[in-house]
Amino acid sequence: MINIDSKTRIVGLFGYPLGHTYSPIMQNAAFSNRGINNVYLPIEVKPDSFGTVIKAVSSMNFGGFNITIPYKVEIMKYLDKIDETAKRIGAVNTVVIKDGRLEGYNTDGIGFLKSFQEAAEATIEEKKVFVLGSGGASRAICMTLALNKAKKLYICNRTFEKALALVEDINKFMPESSTAIPMEYDDMKKAVEHADVFINTTSVGMFPEIDEIPIDSSLLKKELIVYDVVYNPRKTKLILEAEKLGCKTISGLGMLVYQGAEAFELWTGKNAPTELMYSIVSEALGEK
Ligand code: ATR
């Protein structure tokens, strides 16, 4: 139970429109568990007021905030400082307010990395990775793969031009003798055959379209580690098909929890109760 008083710091989630979000239950449980007098609120901000709102937050009792669609890029021009990784990703999802100054971070990449390492019991280094999708989540994941020395990165997107643009940015950060390669949808087969890890960053398979799968399942093989950023349902059709083949599979729930845990640590300076955060979201998703 949160006791709200005049010392309570507000932490917000700014976006428009705000769809369903698990961040409030996850962060409020974490604040309460660690005895921190913060409250996390979803705050829908209309596009024509975004600048006005952001300029006002440091004058109020805000400790920081998360940023979601469509403001992850726009927020950058209002910040006093931007962390190097967030700059490289080109988007900010977490802002810390320190002495009235706004500092921007991107916790999606580290959220991906920690969830991958924990579930796969492996690192990214030297892995050949196939990434489907070239949107915001893909950008954070691909940059993390590059900075963590993936050996090869195939980037495939329905809109090929977006894959090309992402590859160009990512190749500036791939380790020496490694490359990111753009793939056409129709050429997926060749690349997946050579990959160690397959990552779906698109929304294909997300509730309520749970019978959809982003890749022809006959292209999967048991040696692949299959990671799906979609966490609702927890087991997407992609994950279920991969499980049938005996693949190691990872759901996007871990990324959701770890990106939130990282934000929690930036705001509070304390360790996040990740197990609690995980079980709160699992429960809300209708399972335990
Ligand atoms: P996010 O921030 O979740 O990554 P996004 O930036 O809107 O969201 O990106 C969505 C990604 O999913 C894009 O790569 C998109 O492909 P396009 O660039 O061609 O739009 C991909 N995507 C969404 N729906 C898709 C579908 N039905 N089939 C294939 N790709 C899809």
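It should be emphasised that the depicted structure is a prediction, and the values quoted were computed from it without experimental measurement.

(A) Highlighting the overall build of the chain. Broken down by element type, the chain carries 10 helices and 12 strands. For the chain, the C-alpha radius of gyration of 19 Å lies close to 19 Å, the compact-globule estimate for 288 residues. Expressed as a percentage of the 288 residues in the chain, the buried residues total 49%. For the chain, long-range pairs separated by at least 24 residues make up 68% of all intrachain contacts whose partners lie at least 6 apart in sequence. In the chain, which carries 33 positive and 36 negative side-chain charges, the distance between the mean positions of the two groups comes to 4 Å.

(B) Spatial organisation of the packing of aromatic side chains. Following the criterion strictly, the structure yields 11 aromatic pairs and no others. Here the aromatic rings of Tyr 40 and Trp 267 are separated by 6.1 Å at their centres, their planes lie at 55 degrees, and the arrangement is tilted. Linking Tyr 40 in strand 2 (residues 38-44) with Trp 267 in helix 9 (residues 253-268), this pair joins segments that are 227 residues apart in sequence. Note on accessibility: Tyr 40 and Trp 267 belong to one class, buried. Relative to Phe 116, the ring of Phe 112 lies with its centre 6.0 Å away and its plane at 35 degrees, an arrangement referred to as tilted.

(C) Molecular detail of the pairing of strand 2. Where strand 1 (residues 9-15) meets strand 2, 7 bridges bridge the pair, whose relative direction is parallel. By the bridge assignment, Ile 10 is partnered in strand 2 with Val 39. The parallel pair strand 1 and strand 2, bridged by helix 1 (residues 23-33), forms a crossover whose chirality is right-handed.

(D) Region of the structure containing the site of the ligand. Of all residues adjacent to the ligand, which total 13 residues, the nearest are Ser 134, Asn 157, Arg 158, Thr 159 and Lys 162. The separation between an oxygen atom of the ligand and a polar main-chain atom of Ala 137 is 2.9 Å. Contacts to the ligand include Asn 157, whose side-chain N or O atom sits 2.7 Å from an oxygen atom. When the ligand sits alone it has 650 Å² of accessible area, and the protein chains cover 67% of it.

(E) Spotlight on helix 4 (residues 108-120). Across its 13 residues, helix 4 extends 18 Å between first and last C-alpha, which sits within 8% of the 18 Å expected from 1.5 Å per residue. All of the buried residues in helix 4 are Asp 108, Gly 109, Gly 111, Phe 112, Leu 113, Ser 115, Phe 116 and Ala 120. Of the surrounding secondary structure, the elements contacted by the buried residues of helix 4 are helix 5 (136-147), strand 10 (197-200), strand 11 (225-228), strand 12 (248-251) and helix 9. Just beyond helix 4, the residue with positive phi is Glu 121, at close to 50 degrees.

(F) Up close: the pattern of salt bridges. For the structure shown, the criterion picks out 11 salt bridges. In this structure, the salt-bridge partner of Asp 108 is Lys 72, at a minimum N-O distance of 3.2 Å. Placement of Asp 108 in helix 4 and of Lys 72 in the loop between strand 3 (62-67) and strand 4 (81-82) is noted, with a sequence separation of 36 residues between them. Residue Asp 108 is classed as buried on the basis of its relative accessible area, which comes to 9%. The exposure class assigned to Lys 72 is partly exposed, which follows from its relative accessible area of 25%. For Glu 193, the salt bridge identified is with Lys 189, shortest N-O distance 3.2 Å. Of the two residues, Glu 193 and Lys 189 both sit in helix 7 (residues 188-194), 4 residues apart, roughly one turn of that helix. For Glu 193, a relative accessible area of 46% corresponds to the partly exposed category. Residue Lys 189 is classed as partly exposed on the basis of its relative accessible area of 49%. Among the charged side chains, a network of salt bridges with common partners joins Arg 139, Asp 169 and Lys 172.

(G) Representation of the nonpolar core within the structure. The biggest cluster of nonpolar side chains holds 32 residues, and the ones touching the most others in it are Phe 112, Phe 116, Leu 145, Leu 153, Ile 155, Ile 170 and Ile 199. When contributions to this core are tallied by element, the ones reaching two or more residues are helix 4, strand 7 (128-132), helix 5, strand 8 (152-156), helix 6 (160-171), strand 10 and strand 11. With 6 residues, helix 5 is the single largest residue contributor to this core. Contact partners of Phe 112, with chain neighbours within four places excluded, come to Ile 124, Ile 141, Thr 144, Leu 145, Ile 199, Tyr 227 and Met 255.

Each value, and the rule that gives it
- Residues numbered from 1 in each chain as written.
- Predicted model: local features only at pLDDT ≥ 70, side-chain atom pairs only at ≥ 80, totals over all residues.
- Heavy atoms only, no water.
- Helix = DSSP H or I, 4+ residues; strand = E, 2+ residues; numbered from the N terminus.
- Rg over C-alpha atoms; globule rule 2.2 N^0.38 Å.
- Buried < 20%, exposed > 50% of the residue type's maximum accessible area, 1.4 Å probe, protein only.
- Contact = heavy atoms within 4.5 Å.
- Lys, Arg positive; Asp, Glu negative; His and termini not counted.
- Charge placed at Lys NZ, Arg CZ, Asp CG, Glu CD.
- Phe/Tyr/Trp six-rings, centres within 6.5 Å; stacked < 30°, edge-to-face > 60°.
- Pairing = 2+ DSSP bridges.
- Right-handed = clockwise from strand over helix to strand, strands pointing away.
- Near = heavy atom within 4 Å.
- Polar contact = N/O pair within 3.5 Å; in protein donor to acceptor, adjacent residues only side chain to side chain.
- Areas by Shrake-Rupley, 256 points an atom, 1.4 Å probe, with all protein chains shown as cover.
- Expected span 1.5 Å × (residues − 1).
- Salt bridge = Lys/Arg side-chain N within 4 Å of Asp/Glu carboxyl O.
- Core = buried A, V, L, I, M, F, W, Y, C linked by side-chain atoms within 4.5 Å.

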